[in-house]
Amino acid sequence: MARHRKKSFAQRVAFDSIYAKSRASRIPQEIQDELLDAYTRFCDKNDTEDILLKDIPQLLKTELNVSDKLLMFINVQYFCMDALETTDSEQAQIVDFEKYLYEGALLLQLNSQIDIIDYYWNMTLATLKGKSLLPEKENNSSYKERIYLDDLKRLCERLKQDVPTNVMLDMITVINDGQRVWMNYMDFALVLGRTGALEEW
């Protein structure tokens, strides 16, 4: 009988980590408590027992201080109940608490390391533009930019890395579930997390 092989650190980070949005990732109790406290505070302030999808951006900003750089890319549908759980249109607008915990934990982790994400993102954009650093004016709005497949090809040429086009395309599409052939700031942050450049917990 074949022996069960323990996953390597790289495999765990790539597929089981919070950055891969894996439910196998174990959220530390202190982060769960922080998310629960934020949820409770928001409910108390707004005199409600449930939080609606439309309230998620406000909750994340006011109660958890998540950066606008991340909030720009939030898809509130990631927080909704599964279609099989409810057929009621009003109830479908209520936040699924378990999904809130996982999505919220991911955002807290990214938020706590946003300086690292900024550094790598801005250095990548600067290299693409043939500069050593981005001007301060560009730095402030760089999170709104995108990296396309042609940009990755050019980046590999500048770094003298011979990476097949299909590998680069996979890197872009896998991180956003094949929805597009370009990478934004959030996609890039998740790539950093899945390659071990960001701390897990």
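Because the structure is a prediction, the values reported are computed rather than measured.

Quick notes on the rules
- Residues numbered from 1 in each chain as written.
- Predicted model: local features only at pLDDT ≥ 70, side-chain atom pairs only at ≥ 80, totals over all residues.
- Heavy atoms only, no water.
- Helix = DSSP H or I, 4+ residues; strand = E, 2+ residues; numbered from the N terminus.
- Buried < 20%, exposed > 50% of the residue type's maximum accessible area, 1.4 Å probe, protein only.
- Contact = heavy atoms within 4.5 Å.
- Areas by Shrake-Rupley, 256 points an atom, 1.4 Å probe, with all protein chains shown as cover.
- pLDDT = per-residue confidence, 0-100.
- Expected span 1.5 Å × (residues − 1).
- Arc of directions from axis to C-beta.
- Phe/Tyr/Trp six-rings, centres within 6.5 Å; stacked < 30°, edge-to-face > 60°.
- Lys NZ or Arg CZ within 6 Å of the ring centre and 35° of its normal.

### Structural notes on the overall build of the chain
Part 1 of the argument: When its secondary structure is counted, the chain shows ten helices and two strands.
Part 2 of the argument: N-terminal to C-terminal, the α/β element order of the chain is α-α-α-α-α-α-α-β-α-α-β-α.
Part 3 of the argument: Taken across its 201 residues, the chain has 43% of its residues classed as buried.
Part 4 of the argument: Restricting to contacts in the chain with at least 6 residues of sequence separation, those with at least 24 account for 60%.
Part 5 of the argument: As displayed, the chain offers around 12300 Å² of accessible surface, 50% of which is attributable to carbon and sulfur atoms.

### Regarding the confidence of the model for the chain
Predicted coordinates in regions of low pLDDT should not be interpreted in detail.
Part 1 of the argument: Taken residue by residue, the chain gives an average pLDDT of 84. The fraction at 70 or more is 83%.
Part 2 of the argument: Per-residue pLDDT stays below 50 along residues 1-15; that stretch engages in 13 contacts with residues further than four places along the chain or on separate chains.

### Re unusual backbone geometry
Part 1 of the argument: The phi dihedral of aspartate 47 is positive, around 50°, even though this residue is not glycine.
Part 2 of the argument: Looking at aspartate 47, the relative accessible area reads 74%, which means it is exposed.
Part 3 of the argument: One non-glycine residue, asparagine 65, lies in the positive phi region at around 55°.
Part 4 of the argument: Its place among the elements puts asparagine 65 in the loop between helix H3 (56-62) and helix H4 (68-71).

### A closer look at helix H2 (residues 29-45)
Part 1 of the argument: Here H2 is 17 residues long and its end C-alpha atoms lie 24 Å apart, about the 24 Å a rise of 1.5 Å per residue gives.
Part 2 of the argument: Buried within H2 are the following residues: Ile31, Leu35, Ala38, Tyr39, Phe42 and Cys43. Buried residues in H2, looked at end-on, bunch into an arc of 130°, giving them a common side. In H2, the exposed positions angled more than 90 degrees off the buried face are occupied by Glu30, Asp44 and Lys45.
Part 3 of the argument: Tucked into the core, H2 has its buried residues touching H3 and helix H5 (97-112).
Part 4 of the argument: Downstream of H2 by one or two residues, aspartate 47 has phi in the positive range, about 50°.

### Here's the deal with the packing of aromatic side chains
Part 1 of the argument: Applying the stated criterion across every chain yields a total of eight aromatic pairs.
Part 2 of the argument: Note on tyrosine 39 and phenylalanine 97: the rings are 5.1 Å apart at their centroids and 90° apart in plane angle, and the pair reads as edge-to-face. In this pair, tyrosine 39 is assigned in helix H2 and phenylalanine 97 in helix H5, connecting sequence segments 58 residues apart.
Part 3 of the argument: A ring pair is formed by phenylalanine 73 and tyrosine 185, whose centres lie 6.4 Å apart and whose planes are at 20°; its orientation type is stacked. With a gap of 112 residues between them, phenylalanine 73 in the loop between H4 and H5 and tyrosine 185 in helix H10 (residues 185-194) connect regions that are remote in the sequence.
Part 4 of the argument: Assessed through its relative accessible area of 21%, phenylalanine 73 is described here as partly exposed.
Part 5 of the argument: By relative accessible area, which is 0% here, tyrosine 185 ends up buried.
Part 6 of the argument: Counting every residue linked through ring pairs, the aromatic cluster contains Phe73, Trp121, Tyr143, Tyr185 and Phe188.
Part 7 of the argument: Positioned above the aromatic ring of tryptophan 182, the side-chain terminus of arginine 146 is 3.7 Å from the ring centre.

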